[in-house]
Amino acid sequence: MDARSFLLSLAVLLLCRFLRAQQQLMPGSCNFELGTCGYTSDPEYGSWSMNEEGHLITVDSAFLHDQKQAVLVSPVLDQQEWSCVRLVYQITGQGSLQLHLRPDRDNFDYRLWNANKSSDSWLIASVDLPNTTIPYRILLEGRPGSGFGNSVAIFEIHIVPGYCIECNFEEHHLCGYSNSWNPNVNWYVGGSVNREPDFNLPGNHTNNNQRGHHMYVDSVYAKHFQEVAKLTSPMTTEPMAGCLSFYYHRDQERGNIFSVFTRDQLGHYEELWTPEVYATAGWSLVGIDIKAPHPLERYRLPSIESLDIPECIPVSKDTRHGQWLRRRRLDGALNRVPVGFYQKVWKILQKVVFEVAFNSARGGYVAIDDISFSPEFCYTDTEPSFDPSMANCDFEDGLCLYYQERVESKVWSRVSVKPNAYRIGDHTTGTGCFLLANTRFTSRPGYMGRLHGPFLPGNHKYCLRFYYLLHGFKKADNALVLYIYDENNVAQEKVWSLADTSRAVWTKVEITYMKPMRSKLVFASICKNFWECGLVAIDDITVSLGDCRITTGSFSGQCDFESGVCGYIQEKKIDKADWLRVRGHTPTSYTGPRGDHTTGVGYFMYIEASLMRPGHKARLLTSDLRGSLSPQCLIFYYHMYGSGTGILSVLLHHGSTERDTLLWRRRGEQSVSWMRAMVDYHCDVRHQIIFEAIRGPSLRSDIAIDDIHFKSGPCEDPGDITPYSGFSEYFNEIEN
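Overview of the structure. (Residues numbered from 1 in each chain as written. Predicted model: local features only at pLDDT ≥ 70, side-chain atom pairs only at ≥ 80, totals over all residues. Heavy atoms only, no water.)

### Quick word on the sheet that holds strand β22 (residues 364-374)
No. 1: Spatial strand order, β12-β13-β22-β15-β18: five strands in an open sheet with antiparallel pairing. At either end of the open sheet lies a strand with only one pairing partner, and these are β12 (188-190) and β18 (284-290). Within the sheet, the average angular offset between the axes of one strand and its neighbour, ignoring direction, is 35 degrees.
No. 2: In terms of strand pairing, strand β15 (residues 242-252) meets β18 through seven bridges, oriented antiparallel. Paired with Tyr 248 across the two strands is Ser 284, which belongs to β18. (Pairing = 2+ DSSP bridges. Helix = DSSP H or I, 4+ residues; strand = E, 2+ residues; numbered from the N terminus. Axes fitted to C-alpha atoms, helices over the stretch in contact; angles between N-to-C directions.)

This is the structure in structure tokens:
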């Protein structure tokens, strides 16, 4: 596509988009002047109250009584287009406000946005609502702090079509764009009602007349060298990848600057564009390709096709109607990925910054208008042609794209370990495969084994995660080292090495790196003296774009216990003990895990047998789950090691029955490893899932769980379906 054709097609797209944006507000919008527009307070919590004079709705700590929060629930919304919620709110004193999505027929709510800073004035928030074929509700959860004078108020809720980053600056809220205040140089709203200098700035571009508005900055009051004005978009609540376009008008002296940047959550800037000319004859259109700094990974929730509904209408799999939300180009083929609502995983959010710098009062001016965004890239050659997950491997089905240098020097072997009480299995499932060094050449005086990964493009920031296990090394030096190699097989950098001989537990490593050239990962294990060497293993290698420092924590439907218990409840009525949240190894020898499953050094839940009597129970309950018409898949990891280990059960409880339904059970010692369990179940009414542990006959009866995850079912992998009730007689067998 040539530049002329591109600009023409982009101009048509912009015109259509802004005509659409000027249509009436979408369902779910409310200014609370004549009522609540179908919004209601969830009866399980406190109530939101309309102001007597109208115009706003509030929740005040003085009227919550024993409740801690109030939840405002929208009517059912069936909006298949991508849309933007603009929320005008205020937090007085201490408190917080959160916006959730509640997909129809789904167990969980999904938090999209939260705020917890008080202010003396109204604030505006912009939250993207992804397109979907699944009806949903919006939830606004207000949590004023305890004590007098704390409240949360909402002035208006506007839902408009399009992306939150888009703006024509015709509304008083300016779409959430903000100016970084400078005493001398700032962005102003331009138009017939605003002050403007005497330069020949044309009328607003949106309506091509003087009655509209745009944003502009001029140098009239610049007093210092490099006086800077910044206009910043709201923080995206979805990763942005596509075409950012806008109109600009510029008349600056040479040496003055106009640039467009993105700024992520860590405060890192990336320059996207600077104009090639210092002066334009009129409004000029520009398109900028934005690449998502992280892959837009999703957890799929049920699509309409997977729901058990008597009557279903065909679903249009179209980028405009949300069942196909994004497109990727992999190996030259266009692939579409179906998604509904999702939980966000390792994503970097960002703002767009329009920055102008003047060197003097004669520096000139810059104006912008009609900012728009499309998920399709401006230029086809910009679309990513690789997926960093090509470097992922859990070794369940082979070495993936990893390889060793020469057959005669192979040190790494792909092995598996049967469930047993002596040797730890893989990290992925406890019964699968992993890579182990120094298995065949133990009689050699020394060795070096290198494992090479696939090449990845340069000029990208990568986040590498993997797990390692060390056993029997007297010295950790060079037991496991990670290098970055270039295309000539030359080591560019040693990015990581073992610091000490850690205990025998799978331990997580996270490394962020960036190289200007194509490069690959190389894992090396070096043994100089046989008598000092043991076994080193690696598993579950993942590579993604972005910085490892940005993590997600726990979201609805999943819990790793790193930041708390995620709303899980201890049963007090019939329990004789509690589940305990701990890190590290448990106090009793020959029972319990040496570390958690998530990182090896984090938290998990377990029962301490020494605090219980044989037969005593401890029950851990989820909060109420609403129920779903589609099957559900529960995935979790459990640890049952010890000669006196009792029983671990997963039960389903709902109010209409007195007896709990047994979904899954294991009895007795299973393995010294963390084992993965995958449990299919179906329940379309409000219910709870219970993890019940019963203490065995001896003190060596600790039972632990970690990394609980609910998702739409059925479970993709048959996984843990064999009813292990002990370990194989070949308990110490390693299988190649």
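Past the structure itself, the notes keep going.
### Section: the state of the cysteines
No. 1: Under the criterion given, the structure shown has eight disulfides.
No. 2: At a sulfur-sulfur separation of 1.9 Å, the disulfide partner of Cys 463 is Cys 548. Judged by the torsion about the S-S bond (110 degrees), the Cys 463/Cys 548 disulfide is right-handed. Residue Cys 463 is found in strand β27 (residues 460-471), and its partner Cys 548 is found in the loop between β32 (535-545) and β33 (558-559); the two are separated by 85 residues along the sequence. (Disulfide = S-S within 2.5 Å.)

### Some details on the sheet that holds strand β2 (residues 49-50)
The pairing of strands in a sheet comes from backbone hydrogen bonds and takes either a parallel or an antiparallel form.
No. 1: On the basis of which strands lie adjacent, the open sheet formed by five strands has the order β2-β3-β10-β5-β8 and antiparallel pairing. The open sheet terminates on both sides in strands that have one partner only, identified here as β2 and β8 (123-129).
No. 2: For strand β5 (residues 83-92) and strand β10 (residues 151-161), the ladder comprises ten bridges, and the chain directions are antiparallel. From the neighbouring strand, Arg 86 faces β10, where its bridge partner is His 158.

### Here's the deal with the nonpolar core
No. 1: Judged by nonpolar contacts, the single largest core of 35 residues is most densely connected at Phe 466 and Phe 523.
No. 2: For this core, the secondary structure elements donating two or more residues are β25 (433-437), β26 (447-452), β27, β28 (481-485), β30 (507-515), β31 (520-527) and β32.
No. 3: If we skip the residues at most four places from it in the chain, Phe 466 touches Leu 480, Leu 482, Trp 496, Thr 507, Lys 508, Val 509, Ile 511, Phe 523, Asp 539, Asp 540 and Ile 541. (Core = buried A, V, L, I, M, F, W, Y, C linked by side-chain atoms within 4.5 Å. Buried < 20%, exposed > 50% of the residue type's maximum accessible area, 1.4 Å probe, protein only. Contact = heavy atoms within 4.5 Å.)

### So, the environment of Phe 108
No. 1: Here Phe 108 lies in the loop between β6 (95-103) and β7 (110-115).
No. 2: On the accessibility criterion, Phe 108 (12% relative accessible area) is buried.
No. 3: In this structure, the C-alpha to C-alpha distance between Phe 108 and Gly 557, residues 449 residues apart in sequence, is 6.5 Å.
No. 4: Setting aside residues no more than four positions away along its own chain, Phe 108 makes contact with Leu 101, Pro 103, Ser 556, Gly 557, Leu 625, Arg 626 and Phe 710.

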